[in-house]
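Read off the chains here:
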Amino acid sequence: MHIAIIGNGISGVTAARYLRKKTNDRITLISSESDHFFSRTALMYIYMGHMKYEHTKPYEDWFWEKNKLGLIRNEVISIDFENKKLKFKNSESLSYDKLILATGSKPNKFGWKGQNLNGVQGLYSYQDLEKLEEITPKIKTGVIVGGGLIGIELAEMLKSRGKNVIFLVRENSFWDNILPEAESKMINNHIKKHHIDLRLNTEFEEIIDDGNGNVKEIKIKNGEILPCEFVGLTVGVSPNIEFLKNTKLDTDIGILVDKYFQTNITDVFAIGDCVQHREPPAGRRNLEQIWYTGKIMGQTIAEILTGNKTSYNPGNFFNSAKFLDIEYQTYGQVPANPPENINSIFWKHQIEDKLVRINFEITSLKVTGVNTFGIRMRHDVWDKWLSEELTINQVLNSLTRANFDPEFFKKHETEIVEELRSQIS
Amino acid sequence: MKKTGIIFLLISITIWILSLFLNQFKLTSEILHEVVKKEHYSLLEPELQNIRDKNFNEVFSFSTEIKSAVSRINNKLESEGKYNEKIFDNYELSLSKASGIGAVSKYPLLFFLLIFGLLITGSFLFILPERKNLPGIKNDGIFHHPATSVQWIGIILGTLLICFYILLYFFPHFITNWILIMDPLSKLMNGNPASQWFLYGFLYTIAVLVMGVRMWIKYRHSKYQLFRTCSVMFFQLTFAFLIPELLTKLNLPSADLKNMWPLDYSFFFDYRIDQKIQAGTLGIFMFVWGIILFTVGVPIMTYFFGKRWYCSWVCGCGGLAETLGDPFRQLSSKKLKAWEIERYLIHFVLVIAVVMTAGVIYTYLSGNSTIMGFLDTGTLRYYYGFAIGSIFSGVVGTGFYPLMGNRVWCRFGCPLAAYMGLIQRFKSRFRITTNGGQCISCGNCSTYCEQGIDVRWYAQRGQDIVRASCVGCGVCSSVCPRGVLNLENLSPATRKI
Ligand SMILES: Cc1cc2nc3c(=O)[nH]c(=O)nc-3n(C[C@H](O)[C@H](O)[C@H](O)COP(=O)(O)OP(=O)(O)OC[C@H]3O[C@@H](n4cnc5c(N)ncnc54)[C@H](O)[C@@H]3O)c2cc1C
Ligand code: SF4
Ligand code: SF4
């Protein structure tokens, strides 16, 4: 049997690795982006000079051959689902018995004027990074549009290379559709401390060219014109499924799958960023473009294809990010605005950018989620607490057990627990 | 400010290198009388006739003349079968030092203050502005900079370091002027003129201290890094530098009390044992202390804390690696192949160190100079000192910092590290815990692991990292942008491997 996987990102590669552990079937990984798997999450570190491209490859180049994982560097332009055949850009083709689509995402563009000029781009692929590197010497001022996780990374990247950075955020406060107000405000301040010109409540109207197809300036909605040599568009990503639209494959925003990653076509499955769950697991959105969910989907599809029909179960939600110097972790549900039955209490350090927020149900006192900034916490401990539905008092009593900061770091738990207790009563 | 710092540094190094070529040398009979041992005088005096009272403008030909005179004498003695009359003293150095009559010999203190004043001031001017960065990991530009990514500055630095070590170990007479410059400080500290080892100890200590301050600034957000850096600075300054000099001044056997066998490979050599025995109670204490340290201290401490208690908190080699070497930590190879070579090499050195020491002790106790009838323990000891003690730990270990990373010796060669590594791997509470599923496989941890451990390999699987070579520097944990890694001491049964 031949299992073909389109996409050598974390989802496709995890699927291939776990399949290889269980079968001797022929497995082929296809990508138009890179010869070998690399970590997209580390793109920023290449640009900032923390790492070189080869450091971002989690497996050495010999790994693939040794594990008999076929690699093809080519772009699939269409799929003949009837005859189970992939068509490549160079008009070659490849037959498969089972197909896994793991095509990832692409940066959103909403049809703005000037969005295709030279010097206007998103940051998703290695090619995006190469493009950015190429124009970097010409950049004096870069404007970032869109206040999300990739936006702040791009701002940090440009800053690290000594550029002026103007950061346009449409909302009242950074990432405030996800972060509660206190957290979001803290990040606003931190961004400014890094001398990034953060403009909240600011939308842009159009990007203006210099007559030669290069960006010259960007016009914002109040009419102000900001001269710049670069515009970073980071207003989210969406599933990379252009070449699958208008085929027999059932798609909406993403490729529609059930909880076994089955698409509407037999022997065709989809995992990772490109997926839209028809029935998302409890507490999860139908589109979740996160690293570890891609990994879990890869592991699960390998189980399914090797005869162990398990459904997708990513467990309690968690995630992490880093906003310049502030580390952020979250476990469970901490929405920007708590629903009515939820009490949301938080402690913030007087001076430093440290904050801990815990949400719990008002009636049952069950803890539903935590946000932690500047203090590391243990995943397994929080996961257990959430699964066992501990009450807020039980959690506060043993909060020190969750601390994951390095040795000798100042512990704030006494302070935190005191503050949170006073907020409960 | 940073630019001024670099200018100061360049001026200082230029003067320092130029000073090698300054000074004049003239060997007089008074100097011969004063320096040369009685039993060697009659041998050396005629051989040195041709350079007597002649003015030399540089040290190289002068000291080479002396060196060849000594080897002519030794060859002759050998051919006559008088092996035990052979000369082992380093007369090319001691006579050169005594014969200096030029500027360096006249004004050593001036040179000392000028060179090291500029060097230290320049370094601080370069380092201190980093304080204006906000606290946090700032590795920007490391792989773009020609010093820290094996490009031209790195290659020049490496070459200079390698040359320095070769001169220090094998041609100390060529750096006579550098040693002369150290005389005033050496006399102040221990009452004797400087040797090349005093020069080395001094340079080593200021490197650890100055670059330690750099570490304080770079990692000021991490108490673990601060404490650890203070610790290596303290041990280098006191245990490795001040205390041994003080002991010498008090006419006691000088010893670095934190160094231990088998890193201190000459610990069981006859002359060092004799020296301690002669020194009475203190000497015996030192001997017993040295033995307790590696037989009892190491297993206990390594069981509780991992080998980090020594490698990145106490050890001198580790201290230099963690301070002077920190800018180069990312250059260690993470390839699986490198790990294979490492395991063979480091355990091989450990075996050789044990065999060599056993042989030396056997010879000391029995008086037999060979073991098993053919292995000459003296030869073994000589080659160990040459190949491992000088070439591996010095020339390669430190000289290759800018080329292969800062722990080449600690990773591939140190027998003490090998010994502690075995304990750490199989019987220790130490591990690096991985925080559940938070790893995003970015690779910062692996890149900045000076020991070339592919930390990510374990982290992305949710496994704890238990590796013999981990020195517990904690940098993987510091650089991880997702807070995935933590150095912990917990019951060995709870390791997730
Ligand atoms: C800059 C950046 C930072 C991020 N940081 C984080 C983070 O910190 N934490 C986190 O959880 N997530 C992060 N993410 C998101 C995370 O990287 C993605 O969720 C994850 O990479 C998705 O993996 P995937 O395997 O589904 O798809 P991808 O990694 O996108 O892989 C899909 C691959 O398929 C290839 N492909 C697609 N179509 C075709 C075709 N027709 N023919 C051939 N090849 C094709 C693509 O070229 C691509 O190489 C980040 C993303 C970016 C861009
Ligand atoms: S630095 Fe952290 S997130 Fe990155 S690979 Fe290492 S453990 Fe994973
Ligand atoms: S694994 Fe981490 S703590 Fe151990 S040596 Fe490497 S960087 Fe240091």
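All of these numbers come straight from a predicted model, not from anything done at the bench. (Residues numbered from 1 in each chain as written. Chains lettered and ligands numbered in written order. Predicted model: local features only at pLDDT ≥ 70, side-chain atom pairs only at ≥ 80, totals over all residues. Heavy atoms only, no water.)

**Digging into the overall build of chain B**
Point 1. Across its full length, chain B holds 23 helices and six strands.
Point 2. Going through the 497 residues of chain B one by one, you find that 54% of them count as buried.
Point 3. Pairs at least 24 apart in sequence give 78% of the contacts found in chain B among residues at least 6 apart.
Point 4. As displayed, chain B offers around 21,200 Å² of accessible surface, 68% of which is attributable to carbon and sulfur atoms.
Point 5. Of the side chains in chain B, 47 bear a positive and 30 a negative charge, and the two mean positions are spaced by 13 Å. (Helix = DSSP H or I, 4+ residues; strand = E, 2+ residues; numbered from the N terminus. Buried < 20%, exposed > 50% of the residue type's maximum accessible area, 1.4 Å probe, protein only. Contact = heavy atoms within 4.5 Å. Areas by Shrake-Rupley, 256 points an atom, 1.4 Å probe, with all protein chains shown as cover. Lys, Arg positive; Asp, Glu negative; His and termini not counted. Charge placed at Lys NZ, Arg CZ, Asp CG, Glu CD.)

**Quick notes on the site of ligand 2**
Residues and elements named next belong to chain B.
Point 1. In the vicinity of ligand 2 lie 13 residues, with Cys439, Cys442, Gly443, Cys445 and Cys480 positioned nearest.
Point 2. When residues of the shell around ligand 2 are traced back to their parent elements, those giving at least two are helix H21 (444-448) and helix H22 (455-459).
Point 3. Here the shell around ligand 2 is composed, by residue class, of nine nonpolar, three polar and one charged. (Near = heavy atom within 4 Å. Nonpolar A, V, L, I, M, F, W, Y, C, P; charged D, E, K, R; others polar.)

**Focus: the interface of chain A and chain B**
Point 1. Between chain A and chain B, the contact holds 49 residues from the first and 52 residues from the second.
Point 2. With both sides pooled, the region where chain A packs onto chain B buries about 3,900 Å², and carbon together with sulfur makes up 47% of that total.
Point 3. Measuring nitrogen to oxygen at the nearest pair gives 2.5 Å for the salt bridge that ties Arg378(A) to Glu488(B).
Point 4. Remark: the boundary between chain A and chain B carries 26 residue pairs in polar contact (both at pLDDT 80 or more).
Point 5. Put simply, the parts of the chain that give the side of chain A that touches chain B at least two residues each are helix H2 (43-47), helix H3 (62-66), helix H5 (149-160), helix H7 (291-305), strand S21 (318-323), strand S22 (326-332) and helix H8 (379-387) of chain A.
Point 6. By residue number, the principal contributor to the side of chain A that touches chain B is S21(A), which donates five residues.
Point 7. Of the residues belonging to the side of chain A that touches chain B, the class tally is 20 nonpolar, 12 polar and 17 charged. (Buried area = accessible area lost by both parts, 1.4 Å probe. Salt bridge = Lys/Arg side-chain N within 4 Å of Asp/Glu carboxyl O. Polar contact = N/O pair within 3.5 Å; in protein donor to acceptor, adjacent residues only side chain to side chain.)

**Notes on the sheet that holds strand S13 (residues 204-209) of chain A**
Residues and elements named next belong to chain A.
Point 1. With antiparallel pairing, the three strands of this open sheet are ordered in space as S13-S14-S15. A strand with exactly one partner marks an edge of an open sheet, and here the two such strands are S13 and strand S15 (225-227). Within this sheet the neighbouring strands show an average axis-to-axis angle of 25°, counted without direction.
Point 2. Of the pairings in the sheet, the one linking strand S14 (residues 215-220) to S15 comprises three bridges and is antiparallel in character. Bridge pairing in S15 links Lys219 to Ile225. (Pairing = 2+ DSSP bridges. Axes fitted to C-alpha atoms, helices over the stretch in contact; angles between N-to-C directions.)

**Observations regarding the packing of helix H1 (residues 2-19) of chain B against helix H9 (residues 176-190) of chain B**
All names here are of chain B.
Point 1. Closest axis-to-axis distance for the H1/H9 pair is 8 Å, and the angle between their directions is 110°. Taken as axis vectors, H1 and H9 run roughly perpendicular relative to one another. Taken together, the residues of H9 that come into contact with H1 (itself represented by Trp16, Ile17 and Ser19) are Asn177, Trp178 and Ile181.
Point 2. Here the contact of H1 with H9 is built from residues that sort into four nonpolar, two polar and no charged. (Parallel < 35°, antiparallel > 145°, perpendicular 65-115°, else oblique.)

**Digging into the site of ligand 1**
Point 1. In the vicinity of ligand 1 lie 31 residues, with Glu33(A), Tyr124(A), Asp273(A), Ile290(A) and Arg482(B) positioned nearest.
Point 2. Of the chains in the model, those with residues near ligand 1 are chains A and B.
Point 3. In this structure, an oxygen atom belonging to ligand 1 sits 3.0 Å away from a side-chain N or O atom of Arg40(A).
Point 4. The separation between an oxygen atom of ligand 1 and a polar main-chain atom of Trp291(A) is 2.8 Å.
Point 5. For ligand 1, whose unbound accessible area comes to 990 Å², protein coverage reaches 93%.

**A few points about the packing of aromatic side chains**
Point 1. The full count for this structure, using the stated rule, is 68 aromatic pairs over all chains.
Point 2. Here Tyr59(A) and Phe63(A) contribute two aromatic rings whose centre-to-centre distance is 4.3 Å and whose plane-to-plane angle is 25°, an arrangement assigned as stacked.
Point 3. Assessed through its relative accessible area of 9%, Phe63(A) is described here as buried.
Point 4. In this arrangement the basic side chain of Lys2(B) is found over the ring face of Phe126(B), its NZ or CZ atom lying 4.8 Å from the centre.
Point 5. Against the face of Trp339(B) rests Arg343(B), its NZ or CZ located 4.4 Å from the ring centre. (Phe/Tyr/Trp six-rings, centres within 6.5 Å; stacked < 30°, edge-to-face > 60°. Lys NZ or Arg CZ within 6 Å of the ring centre and 35° of its normal.)

**Some points on the domain arrangement of chain B**
Point 1. What the domain assignment reports for chain B is domain 1 (25-99) and domain 2 (429-494).
Point 2. Domain 1 of chain B and domain 2 of chain B are separated by 57 Å when their C-alpha centres are compared. (Domains from an automatic or database assignment.)

**Remarks on the pairing of strand S2 (residues 26-31) of chain A**
Residue and element names in this part refer to chain A.
Point 1. Of all six residues in S2, five are buried; the element is thus mostly enclosed.
Point 2. In terms of strand pairing, strand S1 (residues 2-6) meets S2 through five bridges, oriented parallel. Within S2, the residue paired with Ala4 across the bridge is Thr28.
Point 3. In terms of handedness, the path from S1 via helix H1 (residues 10-22) over to S2 forms a crossover that is right-handed. (Right-handed = clockwise from strand over helix to strand, strands pointing away.)

**What about the domain arrangement of chain A?**
Residues and elements named next belong to chain A.
Point 1. You can read the domains of chain A as domain 1 (2-106 + 238-305), domain 2 (120-235) and domain 3 (318-423).
Point 2. For domain 2 versus domain 3, the distance between C-alpha centres works out to 31 Å.
Point 3. At the interface, 19 residues of domain 2 touch 17 residues of domain 3.
Point 4. Taken together, the two surfaces of domain 2 and domain 3 that pack against each other cover about 1,600 Å², and 71% of this comes from carbon and sulfur.
Point 5. It is Glu183, Met186 and His190 that lose the most area in domain 2 upon contact with domain 3, and together they represent 34% of the buried surface on that side.
Point 6. Our count for the contact surface shared by domain 2 and domain 3 stands at two salt bridges.
Point 7. Notably, a salt bridge pairs Arg357 with Glu183, separated by 2.7 Å at the nearest N-O pair.
Point 8. Run the count over domain 2 and domain 3 and you get seven residue pairs in polar contact (both at pLDDT 80 or more).
Point 9. When contributions to the side of domain 2 that touches domain 3 are tallied by element, the ones reaching two or more residues are H5 and helix H6 (181-193).
Point 10. Looking at which element gives the most residues to the side of domain 2 that touches domain 3, the answer is H6, with seven residues.

**Quick look at the packing of helix H7 (residues 108-127) of chain B against helix H10 (residues 196-218) of chain B**
All names here are of chain B.
Point 1. The interhelical angle for the contact between H7 and H10, taken along N-to-C directions, is 15°, at an axis separation of 10 Å. Between H7 and H10, the angle is such that the two are roughly parallel. Considering the relative orientation of H7 and H10, their crossing is right-handed. Contacts from Phe112, Phe116, Leu119, Ile120, Ser123, Phe124 and Ile127 of H7 reach H10 at Phe202, Leu203, Ile206, Val210, Met211, Val213, Arg214 and Ile217. (Left-handed = near helix turned anticlockwise from the far one by under 90°.)

**Here we look at the sheet that holds strand S3 (residues 69-73) of chain A**
All names here are of chain A.
Point 1. Ordered by their spatial adjacency, five strands build an open sheet running S3-S2-S1-S7-S19, and the pairing between neighbours is parallel. Each of the sheet's edge strands pairs with one partner strand only, and the pair in question is S3 and strand S19 (268-270). Pairwise comparison of adjacent strand axes, ignoring direction, gives a mean angle of 20° for this sheet.
Point 2. Pairing between S2 and S3: five bridges, direction parallel. Note that in S3 the partner of Ser31 across the bridge is Arg73.
Point 3. Running over the sheet, H1 touches S1, S2, S3 and strand S7 (98-101) and is turned about 170° from S2.

**Regarding the nonpolar core**
Point 1. Among the nonpolar cores identified, the biggest contains 119 residues, and Ile79(A), Leu86(A), Leu99(A), Leu101(A), Phe323(A), Ile358(A) and Trp382(A) are the most heavily contacted of them.
Point 2. Among the elements that take part in this core, H7(A) stands out by supplying eight residues, more than any other.
Point 3. Non-local contacts of Ile358(A), meaning those with residues more than four positions away in its chain, are made with Asn343(A), Ser344(A), Ile345(A), Val367(A), Gly369(A), Val370(A), Trp382(A), Ile392(A), Val395(A), Leu396(A), Leu399(A) and Leu420(A).
Point 4. Of all hydrophobic cores here, the second largest spans 63 residues; its members include Met356(B), Trp409(B), Phe430(B) and Val484(B). (Core = buried A, V, L, I, M, F, W, Y, C linked by side-chain atoms within 4.5 Å.)

**So, unusual backbone geometry**
One can expect most non-glycine residues to show negative phi and most peptide bonds to be in trans.
Point 1. A cis geometry characterises the amide bond from Trp261(B) onward to Pro262(B), with omega recorded as 5°.
Point 2. Locating Pro262(B) in the fold gives a position in the loop between helix H11 (223-249) and helix H12 (270-278).
Point 3. The backbone of Asp267(A) sits at a positive phi, close to 65°, despite the residue not being glycine.
Point 4. Here the phi dihedral of Ser441(B) falls at roughly 55°; this positive angle occurs in a residue that is not glycine.
Point 5. Here Ser441(B) shows up in the loop between strand S5 (430-434) and H21.
Point 6. Note on Ser441(B): relative accessible area 1%, which makes it buried.

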